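A look at the structure
The chain contents come next:
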Amino acid sequence: MIPIKVVGAKPAASAPPATAAGSNNESAASSALHYLQPGALNLTALPPLSLYIHFPWCVRKCPYCDFNSHEAKGGGFPEEEYLASLRSDLEMALPLIWGRRIHTIFIGGGTPSLMSAAGLDRLLSDVRTLLPMDADTEITMEANPGTFEAEKFKSYRASGINRLSIGIQSFNAEHLKALGRIHDDGEARRAVEIALANFDNFNLDLMYALPTQTLEQARSDIETAMSFQPPHLSLYHLTMEPNTLFAKYPPALPDDDASADMQDMIAEMTAARGYGQYEVSAYAQPGHRARHNLNYWNFGDYLGIGAGAHSKISFPHRILRQARYKQPKAYMDAVKAGKPVQEEAEIGRDEMGFEFMLNTLRLHEGFSPNLFAERTGLAISAIDKQLNAAEARGLLYRDHALIKPTELGQRFLNDLQQMFLGG
């Protein structure tokens, strides 16, 4: 946690040294000074800060995917131009986070493992040049089977990646085909073997409640995943997101009862093998919780660079949200023009309770009531009405030291979160 030091009116007090971005940095510095003025909140400390880097290309768009990903036409993408844009974007953002250390980095997509070894090395070198980082910074990269090359992943590790998040989704060939994945079950296993040979910290992503999936098939997927003894598992229920191919042409999915049986089976199997569930979809061996994601769920700060990346940045008297341009070409053109941010807005006092609870209610162990004031600048009494209503419905446990969803609240998390909307 970083104590706040209120910066005075002199621009030199918070402006970074001159960089290649020149006048663009001067503009960003002026913007930072504006956000440091008195406002509606009163934060006593700034939360930890993470860096998110978005890589927008993939081999093929999956029918369930609503992330900002774009097919690399002909297998190619403008790597050099995009890396240059990321550096410029980061340079222009520096005045908003000046003096703050980066605790975790996450490179997501898309499929970041399409990046060349040299490209990834350049990216991390640029980040280290521009940002102060902890010696033990967690640096995660998403990687998908079908893009795994043993030598390239050795190079990724040597460049500083110390955690992988591997998008397996299933070890069943038919389910992978139904999900539109580019890899088969053999490539899924090969990807995990390469990860085991090069990384001591990695996560396997799997999905359940897949088209036509039975309980035994879901069990087989989890058993196969755990046979590799991954330090972390992320197990997601397949959902039909708007503006996806599956939303337009929905496949036949297991019904609610079958999905609930799969959830119960997952809880039993993971607990039996020593995986603690610490968030809705996250299960970890001791000492291997995802620090980057925990920062999100604890309403921490994050700077997002790259096409479509989102940021949440706290100042002493306000909290700012930003979104970059989504289309890769539009983003790169906007960076050249010195304006990569498409949308920017402060979180209003009336939105703060919902924004905070939307994240923290995902944590199975709950949170301290003091965290609410620390991260929002508001007293916990601001959401007393909603807390009391949720407690009365049996969705929430609450005492002087802890607020957490009950087992019922975990099962009906969306309903619980919605109770804080507008509070």
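Above this text you will find the structure in question.
Description of the structure in this document.

Conventions adopted
Residues numbered from 1 in each chain as written. Predicted model: local features only at pLDDT ≥ 70, side-chain atom pairs only at ≥ 80, totals over all residues. Heavy atoms only, no water. 1 Å grid on protein atoms, 1.4 Å probe; cavity = no way out; pocket = protein on both sides within 12 Å on 5 of 7 lines; lining within 4 Å. Points joined across faces, edges and corners; volume = space filled by probe spheres on them. Helix = DSSP H or I, 4+ residues; strand = E, 2+ residues; numbered from the N terminus. Patch = residues over 30% accessible without salt bridge, like charges linked within 9 Å, V, L, I, M, F, W, Y side chains within 5 Å. Areas by Shrake-Rupley, 256 points an atom, 1.4 Å probe, with all protein chains shown as cover. Salt bridge = Lys/Arg side-chain N within 4 Å of Asp/Glu carboxyl O. Lys, Arg positive; Asp, Glu negative; His and termini not counted. Charge placed at Lys NZ, Arg CZ, Asp CG, Glu CD. Buried < 20%, exposed > 50% of the residue type's maximum accessible area, 1.4 Å probe, protein only. Contact = heavy atoms within 4.5 Å. Core = buried A, V, L, I, M, F, W, Y, C linked by side-chain atoms within 4.5 Å. Axes fitted to C-alpha atoms, helices over the stretch in contact; angles between N-to-C directions. Parallel < 35°, antiparallel > 145°, perpendicular 65-115°, else oblique. Left-handed = near helix turned anticlockwise from the far one by under 90°. Nonpolar A, V, L, I, M, F, W, Y, C, P; charged D, E, K, R; others polar. Expected span 1.5 Å × (residues − 1).

**Observations concerning empty space enclosed by the protein**
Across all of its chains, the model carries 1 cavity of 30 Å³ or more by this definition. There is about 30 Å³ of room inside the largest cavity. Lining the largest cavity are I53, H54, F55, Y82, L83, L86, I107, M115 and L123. At the level of elements, β3 (49-55) and α2 (79-93) are the ones that each hand at least two residues to the lining of the largest cavity.

**Some points on a negative patch on the surface**
Taken together, the side chains of D255, D256, D257 and D261 make up a negatively charged region of the molecular surface. Following the sequence through the fold, D257 ends up in helix α9 (residues 256-272). Residue classification places D257 among the exposed positions, given a relative accessible area of 59%.

**Side note on the side chain of S85**
Following the sequence through the fold, S85 ends up in helix α2. By relative accessible area, S85 is classed as buried at 5%. Excluding its chain neighbours within four sequence positions, the residues that come into contact with S85 are Y331, M332 and V335.

**Looking at the pattern of salt bridges**
Counted according to the given criterion, the structure contains 19 salt bridges. Ionic pairing is found between R87 and E91, a salt bridge with its closest N-O pair at 3.3 Å. On the criterion of helical spacing, the pair formed by R87 and E91 is a turn pair, its members being 4 residues apart in helix α2. For R87, a relative accessible area of 28% puts it in the partly exposed group. Of the charged contacts, one joins R100 and D301 as a salt bridge, the two residues approaching to 3.0 Å between their closest N and O atoms. On the criterion of sequence distance, the pair formed by R100 in the loop between α2 and β6 (102-109) and D301 in strand β13 (residues 301-305) is long-range, its members being 201 residues apart.

**Section: the nonpolar core**
Core analysis: the largest hydrophobic core is formed by 74 residues, its most contacted members being I107, I161 and L164. Looking at this core, the element that brings in the most residues is α2, giving 6 residues. Excluding residues that lie within four positions of it along the chain, I107 makes contacts with I53, P112, M115, L120, L123, L124, T140, M141, E142 and I161. If you look at the next biggest cluster of nonpolar residues, it comprises 24 residues, including F367, L387, L396 and I403.

**Focus: the packing of helix α12 (residues 349-360) against helix α13 (residues 369-376)**
In the contact formed by α12 and α13, the axes pass within 11 Å of each other and the chain directions differ by 125°. Put simply, α12 runs oblique to α13. Crossing angle aside, the handedness with which α12 passes α13 is right-handed. For the pair formed by α12 and α13, the contact residues are M352, G353 and F356 on the first element and L371, F372, R375 and T376 on the second. Of the residues that constitute the contact of α12 with α13, the class distribution is 4 nonpolar, 2 polar and 1 charged.

**Some remarks on α12**
Residues separated by three or four positions in an α-helix point in the same direction, a consequence of the helix having 3.6 residues per turn. Compared with the 16 Å implied by 1.5 Å per residue over 12 residues, the 17 Å span of α12 between its first and last C-alpha is a close match. Packed against the buried residues of α12 are α10 (291-297), β15 (318-324), α13, α14 (384-392) and α16 (413-418).

Purely geometric numbers; function is a separate question.
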